[in-house]
Amino acid sequence: MNSRVTRRSFLQVAGGGLALSVLSACAVAPTAAPGEDGQMAEPVTIQLMFWPVGGERGIESMEKALEPFEAANPDIVVERLATPWGDLHDKFLTTSAGGVPPDVSAVDNYYLTQFASRGILLALDERVDADPNVNDEDYFEAAWNEGVWEGERWSMPYIGSTRVMYFNVDLFEAAGVPRPDEQWEAGEWTWDAFLESAAALTDTSGDVMDTVYGTMADTSMWGGLQPWIWGAGGDELNDDRTQSLLNTPEAVAGYEFCQNLIHDHGVAPTRETTQDVNLVGTGRIGIWASWRGLVMAYRSYDYNWEVVPFPMGAEGKLTLYKGNSMVVAKAGENLDQAWQLCKYMSSQEADAIWITNGGATPRRDNTDVLLNSRPPENNAYFYQPLAEGWAKTIPFTPLWVEWTRSLNPFLDRIFLDNEDVQTVMDEAVVTIDGILQGES
Amino acid sequence: MFKLRYAQLEELYGWLFVTPWLFGFLAFIVGPMLVSVYLAFTNWDILTPAQMVGFDNFVKLTTGDPLVGQALKVTTIYAGVSIPLQVVLGLILALLLNEKIKAMSFVRTVFYLPSVVAGVAVALLWRWIFSPDFGLLNAGLDLVGIDGPAWLADSRTALSALILMSLWGVGGGMLIVLAGLQGVPTTLYEAAEVDGANSWVRFWNVTLPMISPVILFQTVMGIIGALQVFTEAYVMTEGGPKYATLFYMLYLYQNAFEFLKMGYASALAWVLFAYILLLTLLVLRFSAAWVYYEGVSSKTGR
């Protein structure tokens, strides 16, 4: 037999194969159906999109969480869609527009109202009310309420955190400065005390590689500046969220405090240096604000560190809580199974994993898990603001992303160019109000 | 059953093999483009039905949105400075690497290597290089007694920094010019040498005209690429400080996916398309004065 393959015959076969491949790819997959004798149906596949907190560690955490869920729910197969935070919201948006969103997804609360207002999320009130396993008293109020917008519940709380101050214990001890947690317990941890401590730790006299800054200034509205604005007695928006209040004397005082840390007192590096270099990791910062999610990274650092609540400003004890959400896409085909997964992601069992592996602030009924997850020793400071009611949440609106983006050039003028805050914010408010009122 | 002639069969195969591409082109390029024409005349937030608004989006972007002008200005300056720099630097490098010296393949690879690495990784790397206190660039300037600026944090230097960074990919252009240089017939150089031409005259009257099509290609591709720059600004500056690096594509992206104004973003996209087309046509139109094809001047066609 002549087995020689000519170019023509090869191309014919290859072309035919390609055509068959295309046709088979377009074919509709057989759907699952109940067995002939009414036995259990084929498992339903539920897509779960999430961002892995801490990369590989986040994927491991999710696997650890899903294992008991899948064992307890043999009728549900969870398809994992690990997606970087930076891509996840675009992906949720575009897949929703295309009518094929993941059944369940993590959503950062910065985006929650934007999505809820567009009607792509399943309202969860009825399911929450009907489910005996979901009890709002198991959650702290701030975390529970953040999933509500315009009177309806759109999400279940998921890996939220309060904003706390971390401090480098070694630097405090070397400088002979009283520890912030001792000052807090003595009721003396105020903005002035914070500034004094930062000034005492700052050493920029030597080589740049030996530089130590007392603190890092918060310069962004995406989580950082709110505690300072609120702490000074200011607010971002009016009650119906149609007008900016960022040029009030109180809000201006909050901005000025952060601005002065860099430009007047010299106890904080420029914003550029803060963004570029891991000053915390290299032990060059005395005290800084951050979320609990950083705990996992900090545990690998070769110096001792601890946490303390935000210093007390004009408003006394106050900090920020910002959570994230687990949502169910309205366009999903298996809403009951999706709800089961969504609910589980917010359950006590899963929450314990987010606390120990992912750095979340706990549910009300999981504080013991947090207390046993050390370091830091001062773990209670993460949930005390929630338990005692002095953690505030951001007044999100569907226009939140747009108005905070529009504020950026004004913040550049404050923190980079050291311009007068009142002048800058008077101009900024006009821009923000235009956005809030033009489309509200 | 009818039989196909050989030519018909060949044509059939041609269509068969081009079909996957054709399908992709129609479905994923022409289709979305047509849809975006429609969307440009609507107010559409991606998730709820679009509402027709006539020419409102175009009126707004030409008269009511100062950021469009800023974005066009930033993008045009970037293209206007970075493209000539890239072309000239690519040409110089190619001329140097066209010499016959030891380990030339290795040296060429070294110069080409950076252009292989692109995107977010490079952007992050350059953030560190530009860091005012700890960055490599300012450390180098410090050695010669210059107090370097806060490159990306200063609205006066941020765009310059991104232009400087664009030279990272000059190896790609260098490679194309190098290929062009090696295609220049040696007989032309020999003839010029016989006529007593020195190296500068040989470069000006032989090399440059012979590789002018390559330079034209690089210029056109450079314009198309530079006017669509996105990653650098998205990763490194988010358009700041004070909109100094608000590239057009970044502003378009923000409107489309952050502010959910897909209709407006579509209008922005078509304006950019028209702008790129206009600049490309201008370059092609004026290329007749300086581009030669194998001894035939495109100016005279002879």
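Treat the numbers as computed from the prediction; the structure is a model and nothing was measured.

Engineer: Which parts of the structure should I look at to understand the overall build of chain A?
Structural biologist: Within chain A one finds 19 helices and twelve strands. Within the span of chain A, comprising 440 residues, buried residues form 47% of the whole.

Engineer: Please clarify how the overall build of chain B should be interpreted in this entry.
Structural biologist: Counting its secondary structure elements, chain B contains 13 helices and four strands. Against the compact-globule benchmark of 19 Å for 302 residues, chain B has a radius of gyration of 24 Å, which places it well outside the compact range. Seen through its C-alpha atoms, chain B measures out along the principal axes to roughly 85 × 75 × 35 Å. Out of the 302 residues belonging to chain B, those deemed buried represent 30%. Summarising the internal contacts of chain B: among those between residues at least 6 apart in sequence, 66% fall at separations of at least 24.

Engineer: Would you mind going over helix H12 (residues 248-258) of chain B with me for this structure?
Structural biologist: The periodicity of an α-helix, 3.6 residues per turn, causes residues three or four places apart in sequence to face the same way. Looking at H12 of chain B, one finds that the buried residues are Tyr248, Leu250, Tyr251, Leu252, Gln254, Asn255 and Ala256 of chain B. Where H12 of chain B is buried, its residues meet helix H18 (400-415) of chain A together with helix H3 (66-96), helix H11 (231-237) and helix H13 (262-287) of chain B. One or two positions beyond H12 of chain B, positive phi appears at leucine 260 of chain B, with a value near 55°.

Engineer: How do you make sense of the sheet that holds strand E8 (residues 213-215) of chain A when you look at a structure like this?
Structural biologist: Within a sheet, neighbouring strands are paired by backbone hydrogen bonds and run either parallel or antiparallel to one another. All names here are of chain A. As summarised here, the arrangement of the four strands in space is E8-E9-E7-E10, forming an open sheet in which the pairing is mixed. Looking along the sheet, the strands with just one partner apiece sit at the ends: E8 and strand E10 (305-308). Strand-to-strand twist in this sheet, taken as the mean axis angle between neighbours without regard to direction, amounts to 25°. As judged from the four bridges shared by strand E7 (residues 164-168) and strand E9 (residues 285-290), these two strands associate in the antiparallel manner.

Engineer: Whenever I open this one, the environment of asparagine 98 of chain B confuses me. Can you help?
Structural biologist: Residue and element names in this part refer to chain B. Its location among the elements puts asparagine 98 in the loop between H3 and helix H4 (104-116). Linking asparagine 98 and threonine 48, residues 50 residues apart in sequence, is a C-alpha distance of 58 Å. The contacts of asparagine 98, once residues within four sequence positions are left out, are Leu178, Leu181 and Gln182.

Engineer: Looking at this structure, I do not really get the domain arrangement of chain A. What am I missing?
Structural biologist: Often the size quoted for an interface is simply the accessible area lost on bringing the parts together. All names here are of chain A. Segmentation of chain A into domains returns domain 1 (44-161 + 322-392) and domain 2 (164-321 + 394-439). In this structure, domain 1 and domain 2 have C-alpha centres spaced 27 Å apart. Contacts between domain 1 and domain 2 engage 31 residues on the former and 28 residues on the latter. Elements with a contribution of two residues or more to the side of domain 1 that touches domain 2: helix H4 (109-117), helix H6 (141-145), strand E6 (156-162), strand E11 (319-328), helix H17 (380-388) and strand E12 (391-392). Counting residues per element, the side of domain 1 that touches domain 2 draws most heavily on H4, which supplies seven residues.

Engineer: Can you walk me through unusual backbone geometry in this structure?
Structural biologist: Negative phi values dominate among residues other than glycine, just as trans dominates among peptide bonds. Cis geometry marks the peptide bond from arginine 374 of chain A to proline 375 of chain A; its omega dihedral reads -10°. Take proline 375 of chain A: it is sitting in the loop between helix H16 (367-371) and H17. For glutamate 238 of chain B, which is not a glycine, the phi torsion comes out positive at approximately 50°. Here glutamate 238 of chain B lies in the loop between H11 and H12. Although it is not a glycine, tyrosine 243 of chain B adopts a positive phi angle of roughly 65°. As for its position among the elements, tyrosine 243 of chain B is in the loop between H11 and H12.

Engineer: What's the story with the nonpolar core in this structure? I'm lost.
Structural biologist: Inside soluble globular proteins, nonpolar side chains tend to come together where they are buried. Membership of the largest hydrophobic core comes to 167 residues, with the highest contact counts inside it found for Leu121, Met165, Val328, Leu341, Cys342 and Met425 of chain A. Residue assignment places this core across two domains, with domain 1 (44-161 + 322-392) and domain 2 (164-321 + 394-439) of chain A each supplying three or more. Within the second largest apolar cluster, twelve residues are counted, among which are Leu93, Ala94, Ile211 and Ile215 of chain B.

Engineer: Just to check I follow, could you spell out the pairing of strand E3 (residues 104-108) of chain A for this structure?
Structural biologist: Across a regular strand the side chains alternate sides, sitting on one face of the sheet and then on the other. Residues and elements named next belong to chain A. In terms of burial, E3 is largely enclosed, as four of its five residues are buried. Judged from the two bridges that link them, strand E1 (residues 44-50) and E3 form a sheet pairing that is parallel. The partner of methionine 49 across the bridge, within E3, is serine 105.

Engineer: Help me understand the interface of chain A and chain B in this model?
Structural biologist: In this assembly, 25 residues from chain A lie in contact with 25 residues from chain B. Elements that contribute at least two residues to the side of chain A that touches chain B include exactly helix H3 (85-97), helix H12 (271-276) and H18 of chain A. If you tally residues by element for the side of chain A that touches chain B, the top one is H18 of chain A, at seven residues. Looking at side-chain class alone, the side of chain A that touches chain B contains nine nonpolar, seven polar and nine charged residues.

Engineer: Before we go on, may I ask you to explain the environment of methionine 210 of chain B in this structure?
Structural biologist: Secondary-structure assignment places methionine 210 of chain B in helix H10 (residues 199-226). When the C-alpha positions of methionine 210 of chain B and tyrosine 234 of chain B are compared, they lie 39 Å apart, and in sequence the two are 24 residues distant.

The rules behind these values
- Residues numbered from 1 in each chain as written.
- Chains lettered and ligands numbered in written order.
- Predicted model: local features only at pLDDT ≥ 70, side-chain atom pairs only at ≥ 80, totals over all residues.
- Helix = DSSP H or I, 4+ residues; strand = E, 2+ residues; numbered from the N terminus.
- Buried ≥ 20, exposed ≤ 12 C-beta atoms within 10 Å, placed from the backbone.
- Rg over C-alpha atoms; globule rule 2.2 N^0.38 Å.
- Contact = placed C-beta atoms within 7 Å.
- Pairing = 2+ DSSP bridges.
- Axes fitted to C-alpha atoms, helices over the stretch in contact; angles between N-to-C directions.
- Domains from an automatic or database assignment.
- Core = buried A, V, L, I, M, F, W, Y, C linked by C-beta atoms within 7 Å.
- Nonpolar A, V, L, I, M, F, W, Y, C, P; charged D, E, K, R; others polar.

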